[in-house]
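Coordinate inspection notes
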Amino acid sequence: MQNRPYIDPTSAAAEALGPKPPAEPPAAWQQASNRPRPKPGRVAPRPVVKSSHGYFKAHWLGEHSLPRSYWLNNFLVATPLAMALTGLMSWISVKGDSLQISAIVVLIGFPLLIALNVWCLVGAWRSARNYLQERGSALWGWLARISLVLGTAQLAASVLFGFLPSLGEYAQMARGIDPIGQAKFTLSPDGRSLRLEGVIGMGDGERLRSLLASEAAQGLKRVELVSPGGRVREAERMAEALKARHQGARAVGTCASACTLVFLAGSPRHLSPEGQLGFHRASTGTYNPVFEELANQELAKTYRRLGLPESMIDKTLNTPSRSMWYVPREELQRYELIAPSPRTLAIALPAAGAPLPDYEDALRVHPVWAALDKRTPGLIDTLAQRMVAARAAGGDDDTVQATVWSPLATQMPGIIQGTDGVLRRRYVQLVSDQLKTLRTPAQPGTRPGCRDLLDGRVAVRGQLPMELQAREASWLLDVANSAPPRWLPKPPTPIEVEVLDRSVGSAAMGMLSRLWVDAPDAPAAAAGASCDPVIALLDRLPKQTPARRELADRLLFHAR
């Protein structure tokens, strides 16, 4: 390459070379960077231009300022109306107060509210668009838009999941028909019990109040409940009617949700063996957590007035409305929400001079006698008649209670023979403990109580300790509630008898066959007669093989 000499651009030699080429125009980014910047300052407010349209149409077209469109028209007008109507829907779902009028208001008001919301949202959106186009604050413009999008989503959810699915129900309620139905009230022929069955619906509170005040219910003693729940407000009215009459309540099946309000208003309160109480949160049917919480706070206040413990209220509010918390019987008894289960076969005797139905009621609320009466219909009627006769003859409480033994004695042989091997083994052990308790004579040289027990003098059972009486009552309840046997027991075969004689002893067969013969006038054994041989034989049974033990348990009660 040939080196060119350096020429000073300011010299005359440089001018001899000719003119300079034109300079290239600056790039676009250079032009933008060299452009003079506006001085910082507030954006000029939007000029107030009087619209040629009315107020409502001007808002629809977005001609109002963003503050007026968003804060005044949308937030301060539409939001309170939406909350009021949603609250009314929640009130209908939970309380059910003035259902027909409220349903009419919802059917008219909700479409109007939808139209108002659409007017507010569209106008505020257009106003926010104009605000951003006029170089307003991007922060406030986009915040307004985001808020409007969320409002639109909530409106769509309220329509799709709240109003439309319930439209048919509101239409029925507007015509005076409760879509969930109504409870069925059945008064017993003697007028002493009223059965409430089914869903608690519109008008049921007033129906119950009128029924309790009627002439036919003047002798009413209790209300029997079988209901999955229903309208809370109607249940509250029922509770008020029961408390005013000091009426008893008894759950004879599942009593859940709003039904528990009616149950808790009763005094006294009983839970039948097949009864159960179910609790859960109230549901408004809306998707608004604020109204859900308000409804459940009202429910908690109602439960507090009815005496439900705070721990159970908390557990109720923590149980979802689609689930159910069934309270164990022991917990209900611990908080004294139901009457304690009787430990023995004794009943709460009515007052002196009480009629026969009072004794029948006292027997029916006893779980053992109620279960045995299902197994042998008519047993309670027989027991009640014997108790009334004993009271009329001047008998004291112990004498009246003892009248149940003879009718029970006629049932016991079949009960023992018809039960399964596990329950029969439990009873053999119970009899062994009873004999051991009564083996010592009350006085030296007298006949021991265990001999009276073995000879069928059922009255001696009243001398047993409370713990053994409770065990016998518990055993009877388990037997009465157990499934019946698939086949009836057959008489023992000669081979079975020989096996028993060789393995346990010849005295084993029929050893306990007279336990329930109810023979108070049978000849007494000698004063020195002992129960020790019987007790010793029963103590040897656990050492037998399972098959021989089951054979022995069965043949002990079978006379030779």
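Definitions and limits used
- Residues numbered from 1 in each chain as written.
- Predicted model: local features only at pLDDT ≥ 70, side-chain atom pairs only at ≥ 80, totals over all residues.
- Heavy atoms only, no water.
- Helix = DSSP H or I, 4+ residues; strand = E, 2+ residues; numbered from the N terminus.
- Buried < 20%, exposed > 50% of the residue type's maximum accessible area, 1.4 Å probe, protein only.
- Contact = heavy atoms within 4.5 Å.
- Areas by Shrake-Rupley, 256 points an atom, 1.4 Å probe, with all protein chains shown as cover.
- Axes fitted to C-alpha atoms, helices over the stretch in contact; angles between N-to-C directions.
- Parallel < 35°, antiparallel > 145°, perpendicular 65-115°, else oblique.
- Nonpolar A, V, L, I, M, F, W, Y, C, P; charged D, E, K, R; others polar.
- Right-handed = clockwise from strand over helix to strand, strands pointing away.
- Salt bridge = Lys/Arg side-chain N within 4 Å of Asp/Glu carboxyl O.
- Disulfide = S-S within 2.5 Å.
- Phe/Tyr/Trp six-rings, centres within 6.5 Å; stacked < 30°, edge-to-face > 60°.
- Lys NZ or Arg CZ within 6 Å of the ring centre and 35° of its normal.
- Core = buried A, V, L, I, M, F, W, Y, C linked by side-chain atoms within 4.5 Å.
- Pairing = 2+ DSSP bridges.

Section: the overall build of the protein
Secondary structure summary: the protein contains 24 helices and seven strands in total. Among the 560 residues that make up the protein, the fraction classed as buried is 43%. Long-range pairs, those at least 24 residues apart, make up 68% of the contacts in the protein with a sequence separation of at least 6. Carbon and sulfur atoms form 59% of the exposed surface of the protein, whose accessible area is close to 30800 Å².

Comments concerning the packing of helix H15 (residues 367–375) against helix H16 (residues 379–392)
It is the contact of H15 with H16, at a shortest axis distance of 8 Å, that shows an interaxial angle of 125 degrees. By the angle between their directions, the pair H15 and H16 is classed as oblique. Side by side, H15 and H16 meet where Trp-369, Ala-370, Leu-372 and Asp-373 of the first sit next to Leu-379, Ile-380 and Leu-383 of the second. Residues belonging to the contact of H15 with H16 are distributed by class as follows: six nonpolar, no polar and one charged.

Quick look at the pairing of strand S3 (residues 222–227)
For S3, the buried fraction is high: six of the six residues fall into the buried class. In S3, alternate side chains face the same way, and those of Arg-222, Glu-224 and Val-226 on one face and Val-223, Leu-225 and Ser-227 on the other are all buried. With respect to chirality, the unit in which strand S2 (residues 193–197) leads through helix H8 (residues 204–213) into the neighbouring parallel S3 is right-handed. In this view, the connection linking S3 to its parallel neighbour strand S4 (residues 248–256) by way of helix H9 (residues 232–245) has right-handed handedness.

A short note on unusual backbone geometry
Cis geometry is found at the peptide bond from Ser-267 to Pro-268, where omega equals 0 degrees. At His-246, a position not held by glycine, the phi torsion is positive, near 50 degrees. Backbone geometry at Glu-336 places phi at a positive 60 degrees, although glycine is not the residue there. Looking at the secondary structure, you find Glu-336 in the loop between helix H13 (329–334) and helix H14 (356–364). The class of Glu-336 is exposed, set by a relative accessible area of 66%.

Focus: the pattern of salt bridges
Counted by the stated rule, this structure contains 30 salt bridges. Of the charged contacts, one joins Asp-397 and Arg-391 as a salt bridge, the two residues approaching to 2.8 Å between their closest N and O atoms. Between Lys-436 and Asp-539 there is a salt bridge, with the nearest N and O atoms lying 3.2 Å from each other. Placement of the pair is Lys-436 in helix H19 (residues 421–437) and Asp-539 in helix H23 (residues 532–540), with a sequence separation of 103 residues. Residue classification places Asp-539 among the partly exposed positions, given a relative accessible area of 37%. Among the ionic contacts, a cluster of salt bridges with common partners joins Arg-192, Arg-195, Glu-197, Arg-222, Glu-224, Asp-358 and Asp-361.

Observations regarding the state of the cysteines
This structure, assessed with the given rule, holds two disulfides. Covalent S-S linkage joins Cys-255 and Cys-259, the inter-sulfur distance amounting to 2.1 Å. In this structure the cystine formed by Cys-255 and Cys-259 twists about its S-S bond by roughly -110 degrees; its chirality is therefore left-handed. When its relative accessible area of 0% is taken as the criterion, Cys-259 is described as buried. Through a disulfide, Cys-450 is tied to Cys-531; the S-S separation comes to 1.8 Å. Since a negative S-S torsion denotes a left-handed disulfide, the Cys-450-Cys-531 link at about 95 degrees is right-handed. With Cys-450 in helix H20 (residues 449–454) and Cys-531 in the loop between helix H22 (494–503) and H23, this residue pair connects regions lying 81 residues apart in the sequence.

A short note on the packing of H22 against helix H24 (residues 546–555)
Relative to each other, H22 and H24 sit at 105 degrees, their axes nearing to 10 Å. Relative to H24, the element H22 lies roughly perpendicular. Of H24, the residues touching H22 (which contributes Glu-496, Val-499, Leu-500 and Ser-503) are Arg-548, Leu-551, Ala-552, Arg-554 and Leu-555.

As for the environment of Thr-186
Turning to its location among the elements, Thr-186 is positioned in strand S1 (residues 184–187). Its relative accessible area of 36% is what places Thr-186 among the partly exposed residues. C-alpha of Thr-186 to C-alpha of Glu-197: the two residues are 11 residues apart in sequence and 8.3 Å apart in space. Not counting chain neighbours up to four residues away, the residues in contact with Thr-186 comprise Ser-193, Leu-194 and Arg-195.

Looking at the environment of Gly-191
Here Gly-191 lies in the loop between S1 and S2. Its relative accessible area of 6% is what places Gly-191 among the buried residues. With 30 residues separating them in the primary sequence, Gly-191 and Lys-221 have C-alpha atoms 8.4 Å apart. Residues within four places of Gly-191 in sequence aside, it is in contact with Ala-216, Gly-219 and Leu-220.

Considerations on the packing of aromatic side chains
The full count for this structure, using the stated rule, is five aromatic pairs. Relative to Trp-325, the ring of Phe-279 has its centre 6.0 Å away and its plane inclined at 50 degrees; by these criteria the two rings are tilted. One end of the pair, Phe-279, is in strand S6 (residues 276–279); the other, Trp-325, is in strand S7 (residues 325–326), and 46 residues separate them in sequence. Its relative accessible area of 1% is what places Phe-279 among the buried residues. Its relative accessible area of 12% is what places Trp-325 among the buried residues. Every member of this aromatic cluster is reached through a ring pair, and the members are Phe-279, Tyr-303 and Trp-325. A cation over an aromatic ring shows up here: Arg-126 above the ring of Trp-60, its NZ or CZ 5.1 Å from the ring centre.

Some remarks on the nonpolar core
One finds Trp-369, Leu-512, Trp-516 and Leu-556 to be the most contacted residues of the largest nonpolar core, which totals 63 residues. Residues in contact with Trp-516, not counting those within four places in the same chain, are Trp-405, Leu-408, Ala-409, Met-412, Pro-413, Ile-416, Tyr-427, Val-458, Arg-461 and Glu-472. Counting 44 residues, the second largest nonpolar core, distinct from the first, contains Leu-212, Leu-220, Ala-235 and Tyr-303.

Things to note about the pairing of S2
Here S1 pairs with S2 via four bridges, running antiparallel. Each bridged residue has a counterpart across the sheet, and for Phe-185 the counterpart in S2 is Leu-196. With five bridges joining them, S2 and S3 adopt parallel strand pairing. Counted as the bridge partner of Arg-195 is Glu-224 from S3.

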